[in-house]
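# Coordinate analysis (summary)
Below, each chain spelled out in residue letters.
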Amino acid sequence: MDSTAVARSHWSSRWAFVLVTAGSAIGLGNIWKFPYMTGTNGGSAFVLVYLLCIAFIGVPLLMAETMLGRRGQANPVGSMRRVVAEAGAHPGWIAIGFIGILGALMILSFYSVVAGWILDYAMRSFSGFAGLTKAEAGAAFAALLADPLRLIGWHTVFMILTALVVASGVTSGIERANKIMMPALFAIIVALIVYGIFAADMAAAVRFMFHFDFGAVRREVVLSAMGHAFFTLSLGMGAIMAYGSYLDRGTSIMRTAFYVALADTGIALMAGLAIFAIVFAQGLEPASGPGLILQTLPLAFAQMPGGAVVGPLFFILVIFAAWTSSISLMEPFAAFLIERFGLSRRAAVGGMGLVAWLLGIAVALSFNEWSGFKILGLGIFDLLDTLTTKIMMPLAGLLIALFVGWVMRRHHVAEEMGLSVAQLGIWLNVLRFGSPLAIGLIFLHVVGVIG
Ligand code: PHE
């Protein structure tokens, strides 16, 4: 690494990096998206493919992306530019950085709208859900979606919250907050599981999620599950690269990636179990879509002892988890604007936030006023989600695997990773053959459906 590189602020310790990266990974993807995707994709078939993708594609790529960031010591585009130059490779590889910052912007726009739903529910939870019925829970969510001003209002609040932290610099702000909120979130999900065991149908939830049957794996499920593995680990969108650039030398990338993936997967599975236990106990529809957690959990809070306290606490913690993720979605593009065009951090965050906010308004309207407006048969929300999760993230992942596996100089990679020869060999071979083949086959598989 050239010694002229500007000194960047760094995390205070290895654990701090694990925490903030877990903070990026753990978010709405785990608590909102994983349960509803599991529900719409038939349960265990989706869970099975998702777990395989996390282990065989997600973890190796998490290591690769962290490594690129630490080696590059800059925003995703700047980092790619440096590592590409160092490898003497074609500048076209820098596209990895651009796909990332662009994708992060797109995700941020709908992420903020969904986080707005949670804010709305957090507010409502203070007056309690006592006496709420199944029908009322469904109607309440439908009413929220039908109200553009409420959606846009909460979306605005959430975007401002995100911008405030990113404007003050990520390394100081989020580190401290993460240390308290992440363990608290974990504790409250454990409490929901306990509720599921004693007061709801945990046995049915376990059966739904873990009764693996390879024969039940449908084509569309495979791409959805792979896309979700990327989404939940924050892969390919520059977030991990940006955070990796603040990581100290000498920290084991493999170990940290492993802890992050473990925590992320654990939270998702637990959230899924807690929610499906309620779904089956209440006779709700598992495949009811993006509103699933908001149509189920309030019923549990209405009935469980202490629900008046657990409810608000839960929603606040989910907002926090979403917040630490959205920060990591805003940081890559902002860092790019700062480092590439010399903007002040405030100006960069303001500009990036404004674009994401405007796009988010279109997302909010796609649930009501603009619900008839479709591109390629998809509304704006679905379109942004599909483009990023099913196309841009796997594509960026594929390119990262190929770049690290085939293009980078092996001794540079070895220097950065500090692995044993055997470990390095296995990991590099996964990146060279395993991940590209898996991602490629899944893409082809799906194209087969369409074509
Ligand atoms: N991983 C985050 C979640 O599960 C979302 C995210 C995606 C964050 C991509 C950063 C980059 O909620």
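Starting afresh in each chain, residues are numbered from 1 along the sequence in its written order. In keeping with the predicted nature of the model, local features appear solely for residues at pLDDT of at least 70, side-chain atom pairs appear and are counted solely at 80 or more, and the whole-chain, interface and lining totals rest on all residues. As a rule here, side-chain values come from all non-hydrogen atoms in the structure, and water together with hydrogens is ignored.

As a further point, take the overall build of the protein. Secondary structure summary: the protein contains 18 helices and 0 strands in total. Computation of the radius of gyration draws on C-alpha atoms, with the globule rule given as 2.2 Å multiplied by the number of residues to the power 0.38. Expected size for 451 residues packed as a compact globule is a radius of gyration near 22 Å; at 21 Å, the protein falls within 12% of this value. Projecting the C-alpha coordinates of the protein onto the three principal axes gives extents of approximately 65 × 50 × 45 Å. The 451 residues of the protein split such that 59% are buried. Under the DSSP-based scheme used, a helix requires at least four consecutive residues in state H or I and a strand at least two consecutive residues in state E, with every element numbered from the N terminus. For each residue, the accessible area found with a 1.4 Å probe, counting protein chains only, is set against the maximum for its type, and the residue is called buried under 20%, exposed over 50%, and partly exposed in between.

We now examine the pattern of salt bridges. We define a salt bridge as a side-chain nitrogen of Lys or Arg found within 4 Å of a carboxyl oxygen belonging to Asp or Glu. Scanning all chains against the criterion turns up 11 salt bridges. The residue Glu331 makes a salt bridge to Arg345 at a minimum N-O spacing of 3.1 Å. Remark: Arg345 occurs in helix H15 (residues 345-365) and Glu331 occurs in helix H14 (residues 307-341); sequence separation between them is 14 residues. Given a relative accessible area of 0%, Glu331 falls into the buried group.

Moving on, we come to the packing of aromatic side chains. Think of it this way: a Phe, Tyr or Trp ring, Trp meaning its six-membered ring, pairs with another when their centres are within 6.5 Å, and the plane angle makes it stacked under 30 degrees, edge-to-face over 60, tilted otherwise. By the definition in use, this model includes 26 aromatic pairs. Where Phe110 meets Phe381, the ring centres are 5.6 Å apart and the plane angle is 90 degrees; that geometry is what we call edge-to-face. Residue Phe110 is found in helix H5 (residues 95-126), and its partner Phe381 is found in helix H16 (residues 380-407); the two are separated by 271 residues along the sequence. Pair check on accessibility: Phe110 and Phe381 agree, each one buried. Here the aromatic rings of Phe208 and Phe276 are separated by 4.8 Å at their centres, their planes lie at 55 degrees, and the arrangement is tilted.

As a further point, take unusual backbone geometry. With a phi angle near 50 degrees, Gln73 is a residue other than glycine that sits in the positive phi range. Checked against the element boundaries, Gln73 lands in the loop between helix H3 (44-72) and helix H4 (76-87). In this structure Gln73 comes out as buried when scored by relative accessible area, which is 14%. A positive phi angle, near 60 degrees, is found at Ser234, a position not held by glycine. Structurally, Ser234 is set in the loop between helix H10 (219-232) and helix H11 (239-244). Look at Ser234 and you get buried, because its relative accessible area is 9%.

Here Thr388 lies in helix H16. Here Leu384 takes part through its backbone oxygen, which lies 2.7 Å from a polar atom of the side chain of Thr388. Leaving out residues up to four positions away in the same chain, Thr388 has contacts with Gly103, Met106, Ile107, Phe110, Met393 and Pro394. Polar contact is the term for a pair of N or O atoms within 3.5 Å; when the atoms are in protein, one must be able to donate a hydrogen and the other to accept it, and sequence-neighboring residues count only if both atoms are side-chain atoms. Here, two residues are considered to be in contact whenever any of their heavy atoms come within 4.5 Å of each other.

We now examine the site of the ligand. We call a residue near a molecule or strand when any one of its heavy atoms sits within 4 Å of it. The local shell around the ligand holds 16 residues, among which Ala25, Gly29, Tyr111, Phe231 and Ser234 are the closest. Between the ligand and Ala25, the relevant distance is 2.9 Å, taken from an oxygen atom to a main-chain nitrogen or oxygen of the residue. The method behind every accessible area is Shrake-Rupley, applied with a 1.4 Å probe, and residues are considered shielded solely by the protein chains displayed. For the ligand, whose accessible area on its own is 320 Å², the fraction buried by protein is 100%. At the level of secondary structure, the elements contributing two or more residues to the shell around the ligand comprise helix H1 (14-25), helix H2 (28-40), H10 and H14. Looking at side-chain class alone, the shell around the ligand contains 8 nonpolar, 8 polar and no charged residues. Note that Gly is not counted as nonpolar here; it falls among the polar residues with everything else outside the nonpolar set of Ala, Val, Leu, Ile, Met, Phe, Trp, Tyr, Cys and Pro and the charged set of Asp, Glu, Lys and Arg.

This paragraph deals with the environment of Glu331. Sequence separation of Glu331 and Ala104 is 227 residues, and the distance between their C-alpha atoms is 9.0 Å. In terms of polar contacts, Glu331 uses its side chain to reach the side chain of Arg345, at 3.1 Å.

In this fold, Val217 is placed in the loop between helix H9 (202-210) and H10. By relative accessible area, Val217 is classed as partly exposed at 25%. In this structure the C-alpha to C-alpha distance between Val217 and Ile107, which are 110 residues apart in sequence, comes to 27 Å. Filtering out sequence-adjacent residues up to four positions away, Val217 remains in contact with Ala45, Val49 and Val222.

Definition used in this section: a nonpolar core is a set of buried Ala, Val, Leu, Ile, Met, Phe, Trp, Tyr and Cys residues joined via side-chain atoms within 4.5 Å. Counting 167 residues, the largest nonpolar core has Trp117, Phe403, Val404 and Trp427 as the members making the most contacts within it. In terms of residue count, the dominant contributor to this core is H5 (18 residues). Residues contacting Trp427, with those up to four places away along its chain left out, are Pro60, Met63, Ala64, Met67, Val404, Val413, Met417 and Leu419.

Each patch is built from residues that are more than 30% exposed by relative accessible area and take part in no salt bridge. Like charges join if they lie within 9 Å; nonpolar side chains (Val, Leu, Ile, Met, Phe, Trp, Tyr) join within 5 Å. Where nonpolar side chains cluster on the molecular surface, the patch consists of Phe186, Val190, Val194, Ile197 and Phe198 and spans about 500 Å² of accessible area. Secondary-structure assignment places Val194 in helix H8 (residues 170-199).

Helix length check: H5, at 32 residues, gives a terminal C-alpha distance of 46 Å against a target of 46 Å (1.5 Å per residue), a fit within 8%. Of all 32 residues making up H5, 26 are buried, and the element is well covered by its neighbours. Helix span, expected: 1.5 Å multiplied by one less than the number of residues in the helix.

A few words on the side chain of Asp120. Within the element layout of this structure, Asp120 appears in helix H5. With sequence-adjacent residues up to four places away left out, Asp120 is seen in contact with Leu144, Arg150 and Trp154.

Close contact between H9 and helix H12 (residues 253-282) brings their axes to 7 Å; oriented N to C, the two are set at 125 degrees. With respect to their mutual orientation, H9 and H12 come out oblique. For the crossing formed where H9 meets H12, the hand is right-handed. Together, Met202, Ala204, Ala205, Val206, Phe208, Met209 and Phe210 of H9 and Leu269, Gly272, Leu273, Phe276, Ala277 and Phe280 of H12 make up the contact between the two elements. Note on geometry: axes are lines fitted to C-alpha atoms, helical ones only across the stretch in contact, with angles between N-to-C directions running from 0 to 180 degrees. Angular relationships are summarised with four words: roughly parallel below 35 degrees, roughly antiparallel beyond 145, roughly perpendicular across 65 to 115, and oblique for the angles in between. Crossings are assigned a handedness: left-handed for a near helix turned anticlockwise from the far helix by less than a right angle, right-handed for a clockwise turn.

Remark: H5 packs on helix H13 (residues 292-303), axes separated minimally by 11 Å, with the N-to-C direction vectors making an angle of 20 degrees. Taken as axis vectors, H5 and H13 run roughly parallel relative to one another. At the point where H5 passes H13, the crossing takes the right-handed sense. Judged by residue contacts, Trp117, Ile118 and Tyr121 of H5 engage Ile293, Leu294 and Pro298 from H13. Classifying every residue of the contact of H5 with H13 by side-chain character gives 6 nonpolar, no polar and no charged.

Nothing here speaks to function; it is geometry throughout.
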